Amino acid sequence: MDDYKYQDNYEGYAPNDGYYRGNESNPEEDAQSDVTEGHDEEDEIYEGEYQGIPHPDDVKAKQAKMAPSRADDLRGQTDLMAERMEDEEQLAHQYETIIDECGHGRFQWILFFVLGLALMADGVEVFVVSFVLPSAEKDMCLSSSKKGMLGWGFSMGTNYHFHSWRVFVIICALPCTVSMVALRFMPESPRFLLEMGKHDEAWMILKQVHDTNMRAKGAPEKVFTVSHIKTPKQMDEFIEIQSSTGTWYQRWLVRFKTTFKQVWDNALYCVMGPYRMNTLILAVVWFTMALSYYGLTVWFPDMIRYFQDEAYKSKMKVFFGEHVYGATINFTMENQIHQRGKLVNDKFTKMYFKHVLFEDTFFDECYFEDVTSTDTYFKNCTIESTIFYNTDLYEHKFINCRFINTSFLEQKEGCHMDFEQDNDFLIYLVSFLGSLSVLPGNIISALLMDRVGRLKMIGGSMLISAVCCFFLFFGNSESAMIGWQCLFCGTSIAAWNALDVITVELYPTNQRATAFGILNGLCKFGAILGNTIFASFVGITKVVPILLAAASLVGGGLIALRLPETREQVLM
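Everything numeric here is computed off the predicted structure, so don't read it as measured data.

(A) Structural detail: the overall build of the protein. From N to C terminus, the protein includes 14 helices and 16 strands. The buried share of the protein, reckoned over its 572 residues, is 36%. Summed over its atoms, the accessible surface of the protein is roughly 34,400 Å², and 59% of this surface lies on carbon and sulfur atoms.

Given below as C-alpha cells:
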C-alpha cells in the first residue's frame with residue numbers, strides 16, 4: 001500500500017501494472033519545447049518563406065515605406081513641371097528680344113520663299129485632281145468623272161501621245177520637289193532647339209540669322225551680343241546607347257521607343273492636358289470648315305455640269321419612223337434618238353456618234369467603217385447582213401439586239417469606255433476661277449489679321465460664308481453658280497488663314513506641330529466626308545447641301561468665339 005500513489009496525484013505509469021496512462025512526458029517533445037522556449041506565435045517562421053513567398057506583413061511594411069517615396073516623386077515632378085513653365089515664360093520674352101536684335105532681312109525672305117514653295121505644294125492638292133482626272137481617265141481607261149479636264153497634247157512618234165495632263169502633273173510636282181531640297185539647307189528652328197535643351201546649336205543658328213541680315217544691310221561689323229539664352233528644365237532626357245553598349249538594332253529600338261513616347265506624350269498633352277478645351281474647340285472649327293468648304297468646292301463644278309447636261313438633253317432631237325435607203329453618212333450625229341426606223345444599204349464611214357440612241361430600228365445590208373462613238377447604244381434593234389469594220393461599237397453597246405449574218409471585223413483597240421472627246425473648258429474655267437478668287441481674300445486677311453484679331457476674323461468670315469450659301473438657292477444657271485462660288489471661296493479663305501494662325505499661337509513650341517497635325521488630320525476627314533455627302537445630292541436637291549454647309553459654318557463660327565484671343569500674346 002505504501003508503494004502506490006493515488007491517481008489524482010500522479011498520472012503516468014503504474015509501477016506494478018506497466019500500462020500507459022496517456023499523459024506521460026515524451027523525451028522528443030520535451031527537447032522541442034526546450035528549443036522553442038521563450039518564442040511566441042509572431043516569432044514563428046512563416047512556412048511560405050521556404051517556397052520564396054514573402055510574408056503578408058512584410059509586403060505591407062514595404063508598401064508603407066514606398067508610399068512616402070512615391071509621394072516625393074510626384075511632388076518632384078510637379079515642381080519640375082512648374083519650374084519648366086517658369087523657364088518657358090522667361091524664354092518667350094527673351095526670345096522676342098533676341099529676334100529683334102537679329103532683325104528682319106535676307107534670311108527671313110529666303111525662309112519665306114522656301115516655305116512658300118511648301119505651301120504652294122500643299123495648295124496644289126486642292127485642285128490638281130479635279131483638273132487632271134478627266135483627262136487622265138482617257139489614257140488610263142478610268143471611270144468617268146464630272147470634273148474639268150485640260151484643251152491640248154502632242155505626239156512622240158506614231159504610238160505615244162503626250163497629253164497636257166502629264167505636263168500639268170509634272171509642273172504641280174515641282175514646288176514639292178524644290179521645297180524638299182531647299183528645306184535640307186535650312187537650319188532647324190532655334191526656338192525648338194532651345195525647348196529641347198540644345199543651347200549651343202540654337203545660339204549658332206541665331207548668330208547665323210543675325211550675321212546674314214547684317215551683311216545684307218551693309219553692317220557686317222555689328223556683333224551678336226547675346227551670350228546666354230534661357231533653356232527650360234528638361235523633363236526627360238533622350239537616352240542614347242553607344243556602340244560599345246549595344247547592337248545596332250538595340251540603339252534603333254531605343255530611339256524608336258523614345259521618339260514614340262515623345263510623340264505620344266505630346267498628343268496626350270494636347271487632348272488631355274491644360275489645352276484640352278482649346279483642342280476640342282479647334283477640332284470642331286476645323287471639322288466644320290473642312291466639311292463645308294471642301295464639300296462645296298466639289299459640289300459647284302458638279303452642279304454646273306448638271307446644268308449643262310440638263311440643257312443638252314433639252315435640245316435632243318427625236319426621229320420616229322424614218323426610212324433611209326442607199327445613203328452615205330460621214331458627218332457627226334449628236335444628241336439624237338431614232339425610233340422604229342428602217343435603214344437599208346446605208347454606209348456610215350469616218351463619222352462620230354455622240355449621245356445617239358437607235359431603238360427598235362431595222363438595219364439591212366449596211367456598212368459601218370472607221371466609226372467612233374460616245375454614249376451611243378442600239379436597243380431592241382434587228383441588224384441583218386451588216387458589216388462593222390474598224391469601229392468602237394463593242395458588244396455592250398447592243399442591248400437586246402438580234403443579229404442575222406452580221407460581221408464585226410478589226411474592231412478598234414484600247415479602252416472600251418465612253419469618254420467625251422471635247423475638253424470641257426467651262427468646267428476647267430470654273431475650277432480656275434474658284435482658286436483665283438481666294439487671292440483677294442488672302443491679301444485682305446493678311447492686312448487685317450493683327451488689326452481685327454483672329455477670333456473676329458474667323459467668326460466673321462464663317463458667318464459671311466454662311467450667308468453666301470443661302471444665296472445658292474437662287475443659283476439656277478451656270479453664270480450664277482460661278483459667281484456665288486467665287487464669292488464663297490473669297491470670303492471663306494480669311495477664316496482658314498486666321499484658323500491657321502490661332503492654332504499655331506495657342507500651343508507651346510514643343511506641342512505646336514503635334515497639335516497642328518492632329519487638327520489637320522481631322523480636317524482631311526471632314527473634307528472626305530463633305531465630298532461624299534455633297535456629291536450624292538447632285539441632281540436630286542440643293543436644300544441638303546446648302547443647309548448643311550450653312551449650319552456647319554454658323555456653328556463653327558460661333559464656337560470659335562470661345563477661344564482665347566492671341567493677338568497680343570507672346571509665343572511660348
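Here the narrative resumes.
(B) Structural context of the UniProt feature "transmembrane region" (unreviewed entry) in the protein. The UniProt feature table records "transmembrane region" (unreviewed entry) at residues 109–133, 165–186, 280–300, 425–448, 455–475, 481–502, 514–537 and 543–563. A distance of 30 Å separates the end C-alpha atoms of residues 280–300, which is 100% helix and 0% strand. In this annotation, residues 514–537 is assigned 92% helix and 0% strand; the end-to-end C-alpha distance for the span is 36 Å.

(C) Spotlight on the nonpolar core. Among the nonpolar cores identified, the biggest contains 52 residues, and Leu-282, Leu-296, Trp-299 and Trp-496 are the most heavily contacted of them. The element best represented in this core is helix α8 (residues 276–314), accounting for 15 residues. In this structure, Trp-496 is in contact with Trp-286, Met-289, Ala-290, Tyr-293, Tyr-294 and Cys-523, ignoring residues within four places of it in sequence. Among the nonpolar cores identified, the runner-up in size contains 19 residues, and Phe-368, Cys-381, Ile-383 and Cys-401 belong to it.

(D) Fine view of the pairing of strand β13 (residues 387–391). Bridge count for strand β10 (residues 367–374) against β13 is four bridges, and the pairing is parallel. The partner of Val-371 across the bridge, within β13, is Thr-391. Of the pairings in the sheet, the one linking β13 to strand β16 (residues 407–409) comprises three bridges and is parallel in character. Its bridge partner lying in β16, Phe-388 is registered against Phe-408.

(E) Quick peek at the packing of aromatic side chains. Going through the model one piece at a time under the given rule, you end up with 30 aromatic pairs. When the ring of Trp-286 is compared with that of Trp-496, the centres are 6.0 Å apart and the planes differ by 70°; the resulting orientation is edge-to-face. With Trp-286 in helix α8 and Trp-496 in helix α12 (residues 478–505), the pair connects residues that are 210 residues apart, well separated along the chain. One exposure class covers both Trp-286 and Trp-496, and it is buried. Measuring from ring centre to ring centre gives 4.6 Å for Phe-388 and Phe-408, while their planes differ by 5°; the resulting arrangement is stacked. Taken as a pair, Phe-388 in strand β13 and Phe-408 in strand β16 lie far apart in primary sequence, 20 residues in all. Its relative accessible area of 1% is what places Phe-388 among the buried residues. If you follow Arg-191 out to its NZ or CZ, it ends over the ring of Tyr-95, 5.4 Å from the centre.

(F) The arrangement of the pattern of salt bridges in detail. The full count for this structure, using the stated rule, is five salt bridges. The residue Lys-207 makes a salt bridge to Asp-211 at a minimum N-O spacing of 2.8 Å. Of the two residues, Lys-207 and Asp-211 both sit in helix α6 (residues 199–216), four residues apart, roughly one turn of that helix. Given a relative accessible area of 30%, Lys-207 falls into the partly exposed group. Exposure remark for Asp-211: the relative accessible area of 17% places this residue in the buried category. Several salt bridges converge on common partners, so that one network encompasses Asp-450, Arg-454 and Glu-505.

(G) Up close: the sheet that holds strand β9 (residues 362–364). Strands sit in the order β4-β7-β9-β12-β15 across an open sheet of five strands; the sheet is parallel. A single partner strand is all that each edge strand has here, and the edge strands are β4 (323–325) and β15 (402–404). In this sheet, adjacent strand axes meet at a mean angle of 5° when their direction is disregarded. The pairing of strand β12 (residues 382–384) with β15 spans three bridges and is classified as parallel. When the bridges of β15 are listed, Glu-384 appears paired with Ile-404.

(H) Geometry of the packing of α12 against helix α13 (residues 509–535). For the pair α12 and α13, the least separation of the axes is 9 Å and the interaxial angle reads 145°. On α13, the residues touching Trp-496, Asp-500, Thr-503 and Val-504 of α12 are Arg-512, Phe-516, Leu-519 and Cys-523.

(I) Examining a nonpolar patch on the surface more closely. Side chains of Trp-248, Tyr-249, Trp-252, Leu-253, Phe-256, Phe-260 and Trp-264 sit close together on the surface and give an oily, nonpolar patch of about 890 Å² of accessible area. Within the element layout of this structure, Phe-260 appears in helix α7 (residues 248–272). Assessed through its relative accessible area of 51%, Phe-260 is described here as exposed.

Rules and cut-offs
- Residues numbered from 1 in each chain as written.
- Predicted model: local features only at pLDDT ≥ 70, side-chain atom pairs only at ≥ 80, totals over all residues.
- Heavy atoms only, no water.
- Helix = DSSP H or I, 4+ residues; strand = E, 2+ residues; numbered from the N terminus.
- Buried < 20%, exposed > 50% of the residue type's maximum accessible area, 1.4 Å probe, protein only.
- Areas by Shrake-Rupley, 256 points an atom, 1.4 Å probe, with all protein chains shown as cover.
- UniProt positions renumbered as here; feature names shortened; annotations may be inferred.
- Core = buried A, V, L, I, M, F, W, Y, C linked by side-chain atoms within 4.5 Å.
- Contact = heavy atoms within 4.5 Å.
- Pairing = 2+ DSSP bridges.
- Phe/Tyr/Trp six-rings, centres within 6.5 Å; stacked < 30°, edge-to-face > 60°.
- Lys NZ or Arg CZ within 6 Å of the ring centre and 35° of its normal.
- Salt bridge = Lys/Arg side-chain N within 4 Å of Asp/Glu carboxyl O.
- Axes fitted to C-alpha atoms, helices over the stretch in contact; angles between N-to-C directions.
- Patch = residues over 30% accessible without salt bridge, like charges linked within 9 Å, V, L, I, M, F, W, Y side chains within 5 Å.

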